[in-house]
Amino acid sequence: MPIYLAVLALQIYCIVDVIRRGRNSIWIMALIFLPVASAVAYFIVEILPGLQHNRHLRAAKQKVADKIDPERELRAARQALEIADTMANRIRVADALTALGRHPEALPLYQRGAGPRPDLRTGEKLARSLFLNDRPQEALSVLDGLPKVTSQSDQDRVALLRARSFEELGRNDEALQLYTDVMERLPGDEARCRCAGLLLKLGRKAEARRVLEDVEHRMKYLDRYTRVSEAPMYDWAMRELTSLRT
């Protein structure tokens, strides 16, 4: 009986998928008369190719691969650097080290890869690495020297890093102003959560609660992948909000 129910559920799922996606109706006849074989064929022919283009699935597969072999990209990047000692390959190795949390090893590579006048992307990576190595003042100096950009998303991303550096240096008013400015435009809730954390640090609990309630509201519309990948941040936000409410 359990096997029969499983086959029936698979059969219904595939037939509904055929109708919903407007696929060839011949699949319906095949699924009715040969449910198991047709369901396997339907999955291989119709569903599997679409999954290859699903960004959430690709990200999940990458995450699993990174857990199984976390240094896979680092080895590939180092091999590329051995073949060609270029700025791009140095940055690639530095990126891989940063992803592993090995920030002291990454910084010299960013410094050598950036050169005297780094472009926006490379300079931003160098500034972030300086910040992650507890050198926020130097990070600000790099940010100040970056080429002027017109893209709002680029400006906001740099502003968030600048705000974090200000906060690390105790320049809280400047940090708070930047957090408040960019949190309405940047995707995700990192800026909101950092703003709330700074407000809590400053004892401004009512304001922090309003920001965290906004985060709580926005969480209702998150896709599953984002909710899982950003779980530590959202768990922190909900713990703090619960504490403020009690």
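The coordinates are above.
Residues numbered from 1 in each chain as written. Predicted model: local features only at pLDDT ≥ 70, side-chain atom pairs only at ≥ 80, totals over all residues. Heavy atoms only, no water.

A. Quick look at the pattern of salt bridges. Per the counting criterion, the structure on display carries 28 salt bridges. Where Arg102 meets Glu71, a salt bridge forms, and the shortest distance between an N and an O atom there is 3.1 Å. Here Arg102, found in the loop between helix 6 (87-99) and helix 7 (103-114), pairs with Glu71, found in the loop between helix 4 (55-68) and helix 5 (72-83); they are 31 residues apart in sequence, far enough to count as distant. Overall, Arg102 belongs to the partly exposed group, its relative accessible area being 23%. Classification of Glu71 as partly exposed rests on a relative accessible area of 35%. Between Arg245 and Glu213 there is a salt bridge, and its shortest N-O distance comes to 3.7 Å. With a gap of 32 residues between them, Arg245 in helix 15 (residues 231-245) and Glu213 in helix 13 (residues 205-219) connect regions that are remote in the sequence. When its relative accessible area of 39% is taken as the criterion, Arg245 is described as partly exposed. Among the residues examined, Glu213 registers a relative accessible area of 29% and is labelled partly exposed. Three or more residues are tied together by salt bridges with common partners; here these are Arg121, Glu124, Arg128, Asp154 and Arg157. (Salt bridge = Lys/Arg side-chain N within 4 Å of Asp/Glu carboxyl O. Helix = DSSP H or I, 4+ residues; strand = E, 2+ residues; numbered from the N terminus. Buried < 20%, exposed > 50% of the residue type's maximum accessible area, 1.4 Å probe, protein only.)

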